[in-house]
Amino acid sequence: MLHHILAIGDIVGESGLKHLEQNLRPLQRLKHIDFTVVNGENASSVGLTPEQAWRMYDAGADAVTLGNHTFGRMQITTLLEEASWLLRPANLSPRAPGHGCEIFDLNGLRIRVINLIGRCDLQWNSENPFTTADKLLDKGDADYTLVDFHAEATSEKLAMGYYLDGRVSALWGTHTHVPTADERVYPKGTGYITDLGMTGPIESVLGVDYHQSVEGFLGGLPGRYRNPDGPCKMQGAIFTLDSNTGLCVGVERIDIR
């Protein structure tokens, strides 16, 4: 039996969140999606509030993953402890609130979701994501394992894909907000894409008002980041998984505008 898993790239700003709310369920129906993972760490530009996390869940996300801006809005800490569906990177300090791995039940099907963060030019003081993945895969059984690897370096993401090939069902990268054209199934059966892209304003630089970004590169003071209004896009990928093997048979990029 085949199952369709949808992964949605970083939600950026209020306009990105509204675009998700308007388009996620129609896409789920159109593509017969069985399970959805949304990266939500930029809903408030840096971080997200509990209200924004619940809006993603109510919009159709089965799991919400985070990244380097997990604690950009400190009021999220309580929900991180209470909500099983809200994950922060598992290789952050164990002193940090929340958890980074959860097994979800889908009509008897066990789906493990792992959230990791990269160390190359991003979170240098986190635990090694490769060895953290090993430890998490040794805990509990699951029919499918999905990994959101929130990382800056494409090399680190690609290496993780090879490292986990055949051991996880699908692995995708988040954080850089620009979709890559390398969706594939690795030799041993793991579905992969280096970056999903983002859900937010089309006319922007990574979801930020492009005037601010230009000013910053010119050497000026761009000020606090603003998310522009206007048309948005919702980017991500659909992974088709085989319940007989627990592995991937196809990957499709999506871009909803």
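Look up: the structure comes first, before these words.
Residues numbered from 1 in each chain as written. Predicted model: local features only at pLDDT ≥ 70, side-chain atom pairs only at ≥ 80, totals over all residues. Heavy atoms only, no water.

### Looking at the nonpolar core
No. 1: In terms of nonpolar packing, the biggest core is built from 47 residues, with Leu20, Leu146 and Phe239 touching the most fellow members.
No. 2: Considering each element in turn, this core owes the most residues, 5 residues, to strand β13 (residues 232-242).
No. 3: Not counting the four nearest positions on each side in its chain, Leu146 is found in contact with Ile5, Phe35, Val37, Ile111, Arg112, Val113, Ile114, Ser169, Ala170, Trp172 and Leu241. (Core = buried A, V, L, I, M, F, W, Y, C linked by side-chain atoms within 4.5 Å. Buried < 20%, exposed > 50% of the residue type's maximum accessible area, 1.4 Å probe, protein only. Helix = DSSP H or I, 4+ residues; strand = E, 2+ residues; numbered from the N terminus. Contact = heavy atoms within 4.5 Å.)

### What about the packing of aromatic side chains?
No. 1: All told, the structure shown has 8 aromatic pairs when counted by the stated rule.
No. 2: With a centroid separation of 4.5 Å and 20° between ring planes, the pair formed by Tyr57 and Trp85 is classed as stacked. Residue Tyr57 is located in helix α2 (residues 50-59), and its partner Trp85 is located in the loop between α3 (77-82) and β5 (86-87); the two are separated by 28 residues in the primary sequence.
No. 3: Residue Trp85 is classed as buried on the basis of its relative accessible area, which comes to 6%.
No. 4: Each member of the aromatic cluster is reached from another via a ring pair, and the members are Trp54, Tyr57 and Trp85.
No. 5: The aromatic ring of Tyr163 is capped on one face by Arg167, whose charged end is 4.9 Å from the ring centroid. (Phe/Tyr/Trp six-rings, centres within 6.5 Å; stacked < 30°, edge-to-face > 60°. Lys NZ or Arg CZ within 6 Å of the ring centre and 35° of its normal.)

### A few points about the state of the cysteines
Here, the word disulfide means a covalent bond between the sulfur atoms of two cysteines.
No. 1: The full count for this structure, using the stated rule, is 0 disulfides.
No. 2: Just so you know, Cys248 is unpaired, no disulfide at all, and the nearest cysteine sulfur is the one on Cys101, 19 Å from it.
No. 3: Residue Cys248 is classed as buried on the basis of its relative accessible area of 6%. (Disulfide = S-S within 2.5 Å.)

### Section: a nonpolar patch on the surface
No. 1: On the surface, Val178, Val205, Leu206, Tyr210, Val214 and Leu218 cluster together to form a nonpolar patch covering roughly 530 Å² of accessible area.
No. 2: Within the secondary structure, Val205 is located in the loop between β12 (198-201) and α6 (210-217).
No. 3: The exposure class assigned to Val205 is partly exposed, which follows from its relative accessible area of 33%. (Patch = residues over 30% accessible without salt bridge, like charges linked within 9 Å, V, L, I, M, F, W, Y side chains within 5 Å. Areas by Shrake-Rupley, 256 points an atom, 1.4 Å probe, with all protein chains shown as cover. Salt bridge = Lys/Arg side-chain N within 4 Å of Asp/Glu carboxyl O.)

### Overview of the side chain of Arg88
No. 1: Note that Arg88 resides in the loop between β5 and β6 (101-106).
No. 2: Within the structure, Arg88 has its side chain in polar contact with the backbone oxygen of Ala96 (distance 2.9 Å).
No. 3: Side-chain polar atoms of Arg88 contact the backbone oxygen of Pro97, separated by 3.0 Å.
No. 4: Among residues more than four places away in sequence, those in contact with Arg88 are Leu66, Thr70, Leu80, Ser93, Ala96, Pro97, Gly98, His99, Gly100 and Asn115. (Polar contact = N/O pair within 3.5 Å; in protein donor to acceptor, adjacent residues only side chain to side chain.)

### Comments concerning the packing of helix α4 (residues 129-137) against helix α5 (residues 154-164)
No. 1: Between α4 and α5, the least distance of the axes is 11 Å, while the angle of their chain directions is 30°. Classified by the angle their axes make, α4 and α5 are roughly parallel. Between α4 and α5 lies a crossing whose hand is right-handed. On α5, the residues touching Pro129, Phe130, Ala133, Asp134 and Leu137 of α4 are Glu156, Ala159, Met160, Tyr163 and Leu164.
No. 2: Within the contact of α4 with α5, the residues separate by chemical class into 8 nonpolar, no polar and 2 charged. (Axes fitted to C-alpha atoms, helices over the stretch in contact; angles between N-to-C directions. Parallel < 35°, antiparallel > 145°, perpendicular 65-115°, else oblique. Left-handed = near helix turned anticlockwise from the far one by under 90°. Nonpolar A, V, L, I, M, F, W, Y, C, P; charged D, E, K, R; others polar.)

### Points about the packing of helix α1 (residues 13-31) against α2
No. 1: Axis separation between α1 and α2 bottoms out at 9 Å; the angle between their running directions is 20°. Classed by the angle they form, the pair α1 and α2 counts as roughly parallel. The handedness of the crossing between α1 and α2 comes out as left-handed. Side by side, α1 and α2 meet where Glu14, Leu17, Lys18, Leu20, Glu21, Leu24 and Arg25 of the first sit next to Gln52, Arg55, Met56, Tyr57, Asp58 and Ala59 of the second.
No. 2: Of the residues in the contact of α1 with α2, the class split is 6 nonpolar, 1 polar and 6 charged.

### What to know about the environment of Gln28
No. 1: Mapped onto the elements, Gln28 comes out in helix α1.
No. 2: Overall, Gln28 belongs to the buried group, its relative accessible area being 12%.
No. 3: Taking the C-alpha atoms as reference points, Gln28 and Leu116, separated by 88 residues in sequence, lie 25 Å from one another.
No. 4: Contacts of Gln28, omitting those with residues within four sequence positions, involve Leu6, Ile33, Thr36 and Gly60.
No. 5: Engagement of the side chain of Gln28 in a polar contact is seen with the backbone oxygen of Gly60, the distance being 3.0 Å.

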